[in-house]
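Structural overview
One letter stands for each residue in the lines below.
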Amino acid sequence: MLKCALLGFLNYVPATGYELKQFIDVSTSYFWHAKQSQIYTTLKKMEEEDLVSSRFEPQEGRPNRRVYTISQLGKDELLAWLEKPLNEIEKHKERLLLKMFFSARIGKEVVLSELHQQEILHKEQLLRYQNATKEVIDQFKNSTGLSRDAEFWEMTRRYGELYEQMNITWLREVISKLEKKND
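These numbers come from a predicted model, not from an experiment. (Residues numbered from 1 in each chain as written. Predicted model: local features only at pLDDT ≥ 70, side-chain atom pairs only at ≥ 80, totals over all residues. Heavy atoms only, no water.)

1. Regarding the layout of surface pockets
The test is simple: Each cavity reported here is a set of points on a 1 Å grid over the protein atoms alone in which a 1.4 Å probe fits but cannot get out, each pocket an open set with protein on both sides within 12 Å along at least five of seven lines, and each lining residue one with an atom within 4 Å of a point. Grid points are joined across faces, edges and corners, and a volume is the space filled by probe spheres set on the points. Per the convention used, a helix needs a DSSP run of H or I reaching at least four residues, while a strand needs a run of E reaching at least two, with both numbered from the N terminus. As a working rule, the residues Ala, Val, Leu, Ile, Met, Phe, Trp, Tyr, Cys and Pro are called nonpolar, Asp, Glu, Lys and Arg charged, and the rest polar, with Gly in that last group.
Estimates place the volume of the second largest pocket at around 220 Å³. Around the second largest pocket, the lining residues are Thr16, Gly17, Tyr18, Glu19, Tyr40, Gln59, Arg62, Asn64, Arg65, Arg66 and Tyr68. For the lining of the second largest pocket, the secondary structure elements donating two or more residues are helix 2 (17–26) and strand 2 (62–70). With five residues, the single largest contributor to the lining of the second largest pocket is strand 2. Partitioning the lining of the second largest pocket into residue classes produces three nonpolar, four polar and four charged.

2. Observations concerning the nonpolar core
Soluble, globular proteins show a tendency: their nonpolar side chains are buried together. Applicable threshold: Throughout this description, the term nonpolar core refers to a set of buried Ala, Val, Leu, Ile, Met, Phe, Trp, Tyr and Cys residues connected via side-chain atoms within 4.5 Å. Burial here depends on accessible area, computed with a 1.4 Å probe over protein chains only, as a share of the maximum for the residue type. Under 20% is buried, over 50% is exposed, and the range in between is partly exposed. It only takes one pair of heavy atoms within 4.5 Å for two residues to be counted as in contact.
If you look at the biggest cluster of nonpolar residues, it comprises 17 residues, and the most contacted ones within it are Leu6, Leu7, Leu10, Leu20, Ile39, Leu43 and Met46. Within the residue set of this core, elements represented by two or more residues are helix 1 (2–12), helix 2, helix 3 (36–48) and strand 2. With five residues, the single largest contributor to this core is helix 1. Excluding residues that lie within four positions of it along the chain, Leu7 makes contacts with Met46, Leu51, Val52, Ile70, Gly74, Glu77 and Leu78. If you look at the next biggest cluster of nonpolar residues, it comprises eight residues, including Leu96, Val111, Leu112 and Leu171.

3. Points about the packing of aromatic side chains
For clarity, the threshold we go by: Working definition: rings of Phe, Tyr and Trp (its six-membered ring) pair if their centres are within 6.5 Å, and the pair is stacked with planes under 30 degrees apart, edge-to-face with planes over 60 apart, and tilted otherwise.
Within this structure, the stated rule accounts for five aromatic pairs. Look at Tyr159 and Tyr163: their rings are 6.3 Å apart centre to centre, the planes differ by 15°, and that puts the pair in the stacked class. Of this pair, Tyr159 and Tyr163 both sit in helix 7 (residues 147–180), four residues apart, which is roughly one turn of that helix. The exposure class assigned to Tyr159 is exposed, which follows from its relative accessible area of 57%. Classification of Tyr163 as partly exposed rests on a relative accessible area of 25%.

4. Let's talk about the packing of helix 1 against helix 2
The following threshold applies: Here an angle of 0 to 180 degrees is reported between the N-to-C directions of two axes, which are lines fitted to C-alpha atoms, with helices fitted over the stretch in contact. What sets the label is the angle itself: under 35 degrees gives roughly parallel, over 145 gives roughly antiparallel, 65 to 115 gives roughly perpendicular, and the rest give oblique.
Contact geometry of helix 1 with helix 2 gives a least axis separation of 11 Å together with a crossing angle of 100°. As far as their axial angle goes, helix 2 and helix 1 are roughly perpendicular. For the pair helix 1 and helix 2, the contacting residues are Leu2, Leu6, Phe9 and Leu10 in the first and Leu20, Phe23 and Ile24 in the second. Taken together, the residues that form the contact of helix 1 with helix 2 break down as seven nonpolar, no polar and no charged.

Put into structure tokens, the structure is as follows:
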């Protein structure tokens, strides 16, 4: 999947591994993230598969930059991936839910403390979606002229916003229920 994400970004503009990490950090990191080392390893494999090519750009007083460009084969692979339907819901792991599943064994105050902390974190994430992430999308839209792409970026941002609102609603519901319990 990281390969597809990198192809997607390189389809917009040639970039270095460092720049790709920056793009991911300000856009997809809330639902698809990667470490810098994973990006460089994946780019190397992608170049071996002729999905991308690279060239070195000299920099004054600094090491040369390695800039990656998507090839036609890479564009074809990206398009094939985008057009292939997803036929199942992807399973994901939620540590909080796993802890909650087994939390009858610990004190109510410990559980409530965890839930209140999670509520704070989800509220902070919601604010990032509503402010910083929205601003990044607007900046990319205005600086690149990719208005159709920006519509899709906005759709994924909105998903994140609704996801956080759902988490906050659930947390408030569980907190309320536990606060009413006498044990």
